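Here is how the chains run, residue by residue.
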Amino acid sequence: MTSSVEKKLAELGITLPSPKPPIANYVPAVRTGNLLFISGQVSVDGEGKMATGKLGAGVDVVAGQAAAKLCAINILAQVKAAIGDLDKVVRIVKLVGFVNATGDFTDHPKVVNGCSDFFVEALGDKGRHARSAVGVSGLPFDASVEVEAIVEIA
């Protein structure tokens, strides 16, 4: 049986990838009570191709937004792996977006909007969340964007 969230994703042309395993000594998700903490997800697509490079040095805001959307898709894949049914998502509570950027780049919020906008499009009001958008001098494997999430679940 397909969840209503997965039906919406299908309408949007989104197929969740198989969640990526951790690359170090951590787990992809931790549940405590009704909160699910999702470890940072980088901008890699279902075929393993990663959006790389620095915003402000060859990567523009539009490409950064697309990378952030990939992070959101990977977050949902980890949520599904952790709880089995995306209809158990009560809401996305908080996102922290990390943008691989030059020191003079200042449009971090616009980049992370690629993630935020996707959650609202896919989940409606359940996708509205608190958020931080932070510029960093580098990310693992030169990923353009990484996003971690706190999700309330039923």
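Here the structure is shown first, and the text comes after it.
Residues numbered from 1 in each chain as written. Predicted model: local features only at pLDDT ≥ 70, side-chain atom pairs only at ≥ 80, totals over all residues. Heavy atoms only, no water.

Draft legend 1. Focus on the side chain of Ser 116. Inspection of the secondary structure puts Ser 116 in helix α3 (residues 108-123). Engagement of the side chain of Ser 116 in a polar contact is seen with the side chain of Arg 131, the distance being 2.9 Å. Apart from the residues lying within four places of it in its own chain, the contact partners of Ser 116 are Leu 95, His 129 and Arg 131. (Helix = DSSP H or I, 4+ residues; strand = E, 2+ residues; numbered from the N terminus. Polar contact = N/O pair within 3.5 Å; in protein donor to acceptor, adjacent residues only side chain to side chain. Contact = heavy atoms within 4.5 Å.)

Draft legend 2. View of a nonpolar patch on the surface. Together, Ile 23, Tyr 26 and Phe 141 give the surface a local cluster of nonpolar side chains, amounting to about 350 Å² of exposed area. The residue Ile 23 is located in the loop between α1 (4-11) and β1 (29-32) in this model. (Patch = residues over 30% accessible without salt bridge, like charges linked within 9 Å, V, L, I, M, F, W, Y side chains within 5 Å. Areas by Shrake-Rupley, 256 points an atom, 1.4 Å probe, with all protein chains shown as cover. Salt bridge = Lys/Arg side-chain N within 4 Å of Asp/Glu carboxyl O.)

Draft legend 3. Region of the structure containing the packing of helix α2 (residues 61-83) against α3. Following both chains from N to C, one finds α2 and α3 inclined at 40°, their axes separated by 7 Å at the closest point. Compared by their axis directions, α2 and α3 come out oblique. Judged by the sense of rotation from one axis to the other, the crossing of α2 with α3 is right-handed. Counted together, Val 61, Gly 64, Gln 65, Ala 68, Lys 69, Ala 72, Ile 73, Ile 75 and Leu 76 of α2 and Lys 110, Val 111, Val 112, Gly 114, Cys 115, Phe 118 and Phe 119 of α3 form the full contact between these two elements. Looking at the contact of α2 with α3, its residues break down into 11 nonpolar, 3 polar and 2 charged. (Axes fitted to C-alpha atoms, helices over the stretch in contact; angles between N-to-C directions. Parallel < 35°, antiparallel > 145°, perpendicular 65-115°, else oblique. Left-handed = near helix turned anticlockwise from the far one by under 90°. Nonpolar A, V, L, I, M, F, W, Y, C, P; charged D, E, K, R; others polar.)

Draft legend 4. Here's a closer look at the pairing of strand β3 (residues 89-100). Where β3 lies against strand β5 (residues 145-153), 9 bridges are found, and the strand directions are antiparallel. The partner of Arg 91 across the bridge, within β5, is Glu 152. Taken together, the 7 bridges between β3 and strand β4 (residues 130-136) define a ladder with parallel strand orientation. Pairing of Asn 100 across the sheet is with Val 136, part of β4. Note that the unit made of β3, α3 and β4 has a crossover that is right-handed. (Pairing = 2+ DSSP bridges. Right-handed = clockwise from strand over helix to strand, strands pointing away.)

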